[in-house]
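# Residue-level structure breakdown
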Amino acid sequence: MSASVPTVGVSSTHPKNMPAEHAALPVWNAENWFYEDWPVGQKIRSLRRTMAEGDSHLFNTLVTDIHPYVQDQMFAESEGIFGRRLIAGAFVFSAGLGLVATNCINAFSYGYDRLRFIKPVFIGDTIYAIRTNLDKQPKYKEMGLIRASYEVFKGEGELVLYCEHLQTVKYKNPADFIGKTEK
């Protein structure tokens, strides 16, 4: 793995509907890497996030998840197998992956594989995520397919979620992949 591979945006998309001096600035939290720039084996770790009750409630309301394990404190304490309310798995997935998400202008989500909710996450738990670039392969005329694993941990390193994200990513030089892609 080369330390010099650029993965953080160093140039702008240069939008035409704003002042030129603003359009020339690099975009914060955006990457502009291409398929060729994607280093297999690279790992990144996120900052941590505490899963607050208000965030959990807002997410549950937004997706209409009113399951008693995530919405009913009395049920969770008296009848639930964990003795307290859970954070919805969909929220752990969304928040965990969001912690290491990028805004790469050349990448498009293709899907997720191997999604597993390994351990419960509760109100007040703190999570963080590690993304590992697993592999890549030429796929289409203009884009290749990359696969990254996402591991979400709580506390001091207890694995709670695992999945693999597939993305199609534009080639910097599509001509280099002629004859190497799917028909």
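Look a little higher up for the structure.
Here we summarise the structure given alongside this text. All values reported here derive from a predicted model rather than from experimental measurement. (Residues numbered from 1 in each chain as written. Predicted model: local features only at pLDDT ≥ 70, side-chain atom pairs only at ≥ 80, totals over all residues. Heavy atoms only, no water.)

The next subject is the overall build of the chain. The secondary structure content of the chain amounts to five helices and six strands. Ordered by position in the sequence, the α and β elements of the chain form the string α-β-β-α-α-α-α-β-β-β-β. By principal-axis analysis of the C-alpha atoms, the chain measures approximately 65 × 40 × 30 Å. Burial analysis of the chain (183 residues in total) assigns 39% to the buried set. With 20 positive and 20 negative side-chain charges, the chain shows a spacing of 7 Å between the two charge centroids. (Helix = DSSP H or I, 4+ residues; strand = E, 2+ residues; numbered from the N terminus. Buried < 20%, exposed > 50% of the residue type's maximum accessible area, 1.4 Å probe, protein only. Lys, Arg positive; Asp, Glu negative; His and termini not counted. Charge placed at Lys NZ, Arg CZ, Asp CG, Glu CD.)

Let's shift gears to the nonpolar core. Within the largest apolar cluster, 33 residues are counted, with the highest numbers of intra-cluster contacts made by Val152 and Leu161. Residues contacting Val152, with those up to four places away along its chain left out, are Val92, Gly96, Leu97, Ile127, Tyr128, Ala129, Glu158, Leu159, Val160 and Leu161. (Core = buried A, V, L, I, M, F, W, Y, C linked by side-chain atoms within 4.5 Å. Contact = heavy atoms within 4.5 Å.)

Our focus in this paragraph is the pairing of strand E6 (residues 158–170). One ladder, built from eight bridges, connects strand E3 (residues 107–117) with E6; its direction is antiparallel. Across the sheet, residue Ala107 finds its bridge partner in E6, namely Val169. Pairing between strand E5 (residues 143–154) and E6: twelve bridges, direction antiparallel. Considered in E6, the bridge of Tyr150 is made with Cys163. Count of turn residues in the E5/E6 antiparallel hairpin: three residues, of which Gly155 carries a positive phi of about 60 degrees. (Pairing = 2+ DSSP bridges.)

Formally, a disulfide is one covalent bond, and it connects the sulfur atom of one cysteine to the sulfur atom of another. Throughout the structure, instances matching the rule amount to zero disulfides. With no disulfide of its own, Cys104 has Cys163 as its nearest cysteine by sulfur position, at a separation of 18 Å. Classification of Cys104 as buried rests on a relative accessible area of 9%. (Disulfide = S-S within 2.5 Å.)

Okay, the environment of Leu47 next. Along the polypeptide, Leu47 turns up in the loop between strand E1 (43–45) and strand E2 (49–50). Judged by its relative accessible area of 69%, Leu47 falls in the exposed class. Once the C-alpha coordinates of Leu47 and Tyr128 are considered, the two residues, 81 residues apart in sequence, prove to be 6.1 Å apart. Filtering out sequence-adjacent residues up to four positions away, Leu47 remains in contact with Leu99, Ile127 and Tyr128.

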